[in-house]
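# Coordinate analysis (summary)
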Amino acid sequence: MMTNKDKYHIFCDHEKGIPIFNKDWWLDAVCGENNWDVALVEKGGSIVGSLPYCIDKKLWFNRIQMPLLTQTLGPYINYPVNQKYYKRLSWEKEIYSDLIKHLPNYDFFQQSFSPQVTNWLPFYWHRFKQTTRYTYQIKNITEEQLENEYETDIRRRKKKVINLGITVEELHSVDDFFFLNKKTFNRKNMQIPYSKDFVERIYDACIAHDAVRMFAAKLPDGTVVAANFLVYDDNTVYYLMGGVDPNTKDMGGMDMVQHHSILFALRSGKVFDFEGSMVESIEKYFRSFGAIQVPYIQVYRYGSWLYKCMKNIKDIFTSV
C-alpha cells in the first residue's frame, strides 16, 4: 500500500504550481528523507490538498517547524475549474480542516505560508494563532521601468561598479559562495546557522532539478567581492542567501549582483522574491530596488502546555 509520501512524490512530479519549498526533493535536502511527512486530502482518487511538514524532536517534545533556509511551507490546494469565490472559501475551509486533522500529534507547530495563501480562518477555527510577515517582490515590470524604480543610491552605485570594471558572472563553486556568505555573518559577529555541507546538499538537489543559480561580482583581476544564491520554481526566483567581502562592500558589487538576478527572473517570465526580512536595515535595502511589499502569514499553535511554559520561560531569560 502506498504511503502519503509515495503519493506525494508522484504528485510533485506532475503538479507544476507547487512552490519549490513544498517540493518533495527540497524537503529531502533540508529536513532529511526520514524527517518529514505530508498530510493529504484526496477526492476521487486525486490529491486536492497537501500540507508537508518537517519534524524535529527536542528532549521529549515533538515539533513541527520551518526547516533551515526555507522561506515558506504550508498548505497547497488544487481548486476546481471556474470555482466561484463563495465556493472557493468553502472549499478552503473543508480542505484545510481535513489537512489539520491529518497532522500528527505535536507539542508545537509553526509554519510560514506562501503569499498565495491568504485565508487562514480555518486554522483560526482550530485554535491556531498567526502573525503577519513581509517579503518584497518585483513582478510585471519591464527592464526600462525597473531602472526607473531604483532608488538614487542604487543607480549611483551601479555606475560606480561599471567604472571600477566589476563584472557579474555565473558562479559554480559552493566553496567560493560559502566563503563570502560566512564572512557576512562574521562581520555582524553572528554565528552562521548552517554548514557548508548543508548548502552543498541544497545546491546538489537544485542542480538535479534545474532550480538554482549563483551570481558573483568580480574585480578585473578575478577576485570575487559579492555573490548570491538563487533558487526557483516555475513561477518565482528566490534570493536565498548572499555574501559580500567586508573589505569591498562599499564598491556596490552586491547591487550589481542583485540587478543581474532580477533581470534573470524577468527574462525568465518569473517573479523575483527577495525573501523579505523583518530587519529594518535589510528591509530598506530590498525596498530600494523598487520591490513591492507582499504580506505572508506565519501560523503557530502549542499542542502542549508544558512546552509553552518552557518556551515562555526561555524567552523571558533571553530577552533580559
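A brief structural summary.

The rules behind each value
- Residues numbered from 1 in each chain as written.
- Predicted model: local features only at pLDDT ≥ 70, side-chain atom pairs only at ≥ 80, totals over all residues.
- Heavy atoms only, no water.
- Axes fitted to C-alpha atoms, helices over the stretch in contact; angles between N-to-C directions.
- Helix = DSSP H or I, 4+ residues; strand = E, 2+ residues; numbered from the N terminus.
- Parallel < 35°, antiparallel > 145°, perpendicular 65-115°, else oblique.
- Left-handed = near helix turned anticlockwise from the far one by under 90°.
- Contact = heavy atoms within 4.5 Å.
- Nonpolar A, V, L, I, M, F, W, Y, C, P; charged D, E, K, R; others polar.
- Polar contact = N/O pair within 3.5 Å; in protein donor to acceptor, adjacent residues only side chain to side chain.
- Pairing = 2+ DSSP bridges.

Orientation of helix α2 (residues 24-31) relative to helix α8 (residues 196-208), taken along the N-to-C sense of each, is 165°, at an axis distance of 9 Å. With respect to α8, the axis of α2 lies roughly antiparallel. The two elements α2 and α8 meet at a crossing, and its hand is right-handed. Seen from α2, the contacting residues are Trp 25, Trp 26, Ala 29 and Val 30; seen from α8, they are Phe 198, Arg 201, Ile 202, Ala 205 and Cys 206. For the contact of α2 with α8, a count of residues per class yields eight nonpolar, no polar and one charged.

Considering the arrangement of structural elements, one finds Tyr 239 in strand β10 (residues 236-244). Not counting residues up to four positions away in its chain, the partners in contact with Tyr 239 are Asn 228, Phe 229, Leu 230, Met 254, Gln 258, Phe 272, Asp 273, Phe 274, Glu 275 and Phe 286. Of the polar contacts made by the side chain of Tyr 239, one reaches the backbone nitrogen of Gly 242; its length is 3.5 Å.

With that settled, consider the pairing of strand β1 (residues 36-43). For β1 and strand β2 (residues 46-58), the ladder comprises eight bridges, and the chain directions are antiparallel. Of the residues in β2, the one forming a bridge with Lys 43 is Ser 46. Count of turn residues in the β1/β2 antiparallel hairpin: two residues, of which Gly 44 carries a positive phi of about 60°.

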